[in-house]
Amino acid sequence: MVMEIGIALDVSRLAHAPQETVALARLAEERGLDLVVVTDGTAQRTTGLDPWTAAVWLAGSTSRITIGAPAGGTSPPDPTDPEAPYPKVQAKAEDSLDILAPGRIISDPAGWVVAPPDAKPEDLAGAAESDLPVVVPVHSREDVERLAALVAGRDDRAGVRRRPAAVRAHRKPGIDYDGVPASLAETVVEPGDPPYRALSSTYLRGGGPGLVLRPRTPAEVSDAIGFARRHRHLPLGIRSAGHGISGRSTNRGGLVIDLGAMNTIEVVDPARRLVRTGPAATWKQVAAALAPHGWALGSGDYGGVGVGGLATAGGIGLLSRNHGLTIDHLRSVDLVLADGRQVQASREQHPELFWAVRGAGANFGIATSFEFEVDEVGEVGWAQLALVSTDIEQSLRRYGELASAAPRDTTVFLVTGQPRDGLSTVQLFAVVDNPDPDIVVARLTPFLELGMLARQQVVMTPYAGVMGSAADVGPDGQHGFGEPNSRSAFVPTLTPEFARDAAAMLRSGAVYFFELRAMGGAIADVAPDDTAFTHRTPAFQLAAMGQNDKRLTAVWEPLRRHFDGLYLSFETDRSPQRLLDAFPAPVLERLRALKRRYDPDNLFRDNFNIDPTVDPAAVQEARA
């Protein structure tokens, strides 16, 4: 056992002799001690300095050593006590200090043991049997040097790297941290580790996972899945790039398998335009890699989305009307199954699994690479238009007519929100897959009928220019918070009745984001039973987001009579009834049978779960 030794500094000493006390903390760091704890001195009330403020001071005055300070209780504050801490304010303070000194703060006084000032080495060893760091009150440099001599003589050669006490203090219950496979130990991230903040949340969702496993190879993915099987009692998130709205690529207290290191892109057969990508490559990166070849692969409408999530759900994008869904270009996928086996699924190998992955892939394994046959695509017209509408109902109706009647080479998405003072801002995002600027202008001009043109940007660009506007995720990661509330549906045709009801929903104020994506064209060329994504004939895909889930549900339900199915990528209601909206009953039962074959214990369940044990009749009854 490696004994961790630190010093305890009385807050009153720091108040009266700040320079000398800070010097003791710095000396402890220089001499290799593990911890500086600020204790609550008797002079706190008179000096105005509390342990938490002192901890901030010491954290800013040192660079490595762990800082401990009791943050107080988490019970509701006593309104009669002006000194009582408020838990939310306290949590914010702790979070802010963690930004200043990531992975260095212990706020729980149960995270250390205090020994007497004159404790002998055998006394310290006895106290360390609790597997907690032992701190000793110090008053002079000589006190610190005495403890440093003990550190200099300890044996730190014991095998696996031991995380500091500040990190161990953040560990969540129910996780065998010491049992992480050796292949993952170098890259795994715990809640107290400095990189944790960049990995805990995703694009729109806040999180606090208990452990983030970061495999770099399919073999390491197998090891991560094996670890997850031993922790079936915990949520399990699978993350490619972390942009997904519907998926649960983060959680609180559970496991996340983050595939961020698996982001390669390579051309494997130029003659056949076959390209292999890792699941964490973003579509912005894919588009940039394909552009020099004069190729493109349709992929949603935002370049920051990862390949893994979209390429297992569908892929309705700005090239879809001319080139089909992303999954229609998939030729094979490498998967790691729930039992750890590595398989390749294609039309020739595991064809039933290949069918299922294209539309319901999150339920069947972790994709470690995709092989696509991409298209030759030259310059396209890329338009971003903003219009102001005085009659959103009329604008929606007219958009439906124009977008449905447009040639295949023209795909136009509409985004709007709550009207203000009777005016609605309508944004159009359009790609015209034609290199002739005059044709691009002719295709777009009819859409100017939707309102008064307020802003326009129309350029000729390779498809990489369309995807290139996405922001890059830097080393600080993504910083979503809370839970997104989103609803999704397929609209067979945009009728005047739908336009009326959608306009009423927008006027309610319960929806801040409303998007219609034009479908049709090449999407409908593929037979419905060719993939698990069977909704080939709707004219539009609709997504709506609101701040309050109950309010969103209340205004969404009246529109259901206009819908036929839903697209899982934009749905956050995970009730079993939604599965029957996404997958018609025969398709869902086929998927359930495959789930019983490939994941009978339902390891991959923390997305839209196709539970292998559910009776389909019971789901139908619940839906009714």
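Thresholds, definitions, all that
Residues numbered from 1 in each chain as written. Predicted model: local features only at pLDDT ≥ 70, side-chain atom pairs only at ≥ 80, totals over all residues. Heavy atoms only, no water. Helix = DSSP H or I, 4+ residues; strand = E, 2+ residues; numbered from the N terminus. Buried < 20%, exposed > 50% of the residue type's maximum accessible area, 1.4 Å probe, protein only. Contact = heavy atoms within 4.5 Å. Salt bridge = Lys/Arg side-chain N within 4 Å of Asp/Glu carboxyl O. Core = buried A, V, L, I, M, F, W, Y, C linked by side-chain atoms within 4.5 Å. Pairing = 2+ DSSP bridges. Axes fitted to C-alpha atoms, helices over the stretch in contact; angles between N-to-C directions. Expected span 1.5 Å × (residues − 1). Arc of directions from axis to C-beta. Phe/Tyr/Trp six-rings, centres within 6.5 Å; stacked < 30°, edge-to-face > 60°. Lys NZ or Arg CZ within 6 Å of the ring centre and 35° of its normal.

Asks: Break down the environment of Pro173 for me, citing the residues and quoting the values.
Replies: Counting through the fold element by element, Pro173 comes out in the loop between helix H8 (165–168) and helix H9 (196–200). By relative accessible area, which is 70% here, Pro173 ends up exposed. Note: C-alpha distance between Pro173 and Ala362 (189 residues apart in sequence) is 27 Å.

Asks: A description of the side chain of Thr21 should follow, citing residues and the corresponding values.
Replies: Mapped onto the fold, Thr21 is located in helix H2 (residues 18–30). Setting aside residues up to four positions removed in sequence, Thr21 forms contacts with Leu9, Arg13 and Leu14.

Asks: Can you tell me about the pattern of salt bridges, naming the residues and giving the values?
Replies: Enumeration according to the criterion identifies 41 salt bridges in this entry. When the shortest N-O distance is used, the salt bridge between Glu371 and Arg276 registers 3.0 Å. You can see Glu371 sitting in strand E15 (residues 366–373) and its partner Arg276 sitting in strand E11 (residues 274–277), a full 95 residues away along the chain. Given a relative accessible area of 15%, Glu371 falls into the buried group. Accessibility expressed as a relative area gives 27% for Arg276, which makes it partly exposed. Because the salt bridges share partners, they merge into one network encompassing Arg163, Arg171, Asp178, Glu190 and Asp193.

Asks: Which residues make up helix H14 (residues 351–360), and what values do they have?
Replies: Among the 10 residues in H14, 8 count as buried, and that is most of the element. Residues of H14 that are buried make contact with strand E13 (330–336), strand E14 (342–346) and helix H21 (585–598).

Asks: Please set out the nonpolar core residue by residue, giving values where relevant.
Replies: Trp283, Val333, Leu335, Leu353, Phe372, Phe583 and Leu591 are the most contacted members of the largest nonpolar core, which has 55 residues in total. Here the element with the most residues in this core is H14; it accounts for 6 residues. Not counting residues up to four positions away in its chain, the partners in contact with Leu335 are Arg341, Gln342, Val343, Ala345, Leu353, Val357, Gly365, Ile366, Ala367 and Thr368.

Asks: Quick rundown of the sheet that holds strand E3 (residues 66–68)? Include the residues and the values.
Replies: Strand order in the open sheet formed by 6 strands is E4-E3-E2-E1-E6-E5, and the pairing between neighbours is parallel. Since the sheet does not close on itself, it has two edges, and those belong to strand E4 (105–106) and strand E5 (113–114), each with one partner. Two strands pair when backbone bridges link them, and E5 and strand E6 (residues 134–137) are joined in this way by 2 bridges, in the parallel orientation. Bridge assignment links Val114 to a residue of E6, and that residue is Val135. Along the sheet, H2 contacts strand E1 (5–10) and strand E2 (35–39); its crossing angle with E1, the most-contacted strand, is approximately 175°.

Asks: How would you summarise the pairing of E2 if you had to cite specific residues and measurements?
Replies: Counting buried positions along E2 gives 4 out of 5 residues, so the element sits mostly inside the fold. One ladder, built from 5 bridges, connects E1 with E2; its direction is parallel. Opposite Leu9, over in E2, you have Val38 as the bridge partner.

Asks: Hey, could you go over H21 for me, with residue numbers and the actual values?
Replies: Because an α-helix completes one turn every 3.6 residues, residues spaced three or four positions apart along the sequence face the same direction. Its 14 residues place the ends of H21 20 Å apart at the C-alpha level, agreeing with the 20 Å of an ideal helix rising 1.5 Å per residue. Val587, Leu588, Leu591, Arg592, Leu594, Lys595 and Tyr598 are the residues of H21 that are buried. Burial along H21 is one-sided: seen end-on, the buried residues are contained in an arc of 165°. Opposite the packed face of H21, turned more than 90 degrees from it, sit the exposed residues Pro586 and Arg597.

Asks: Can you tell me about the packing of aromatic side chains, naming the residues and giving the values?
Replies: The relative placement of two aromatic rings is captured by the distance of their centres and the angle of their planes. One pass over the structure, following the stated rule, counts 9 aromatic pairs. In this structure, Arg358 is placed above the aromatic ring of Phe354, and the distance from its NZ or CZ to the ring centre is 3.9 Å. When the ring centre of Trp355 is taken as origin, the NZ or CZ atom of Arg590, which lies over that ring, is 3.6 Å away.

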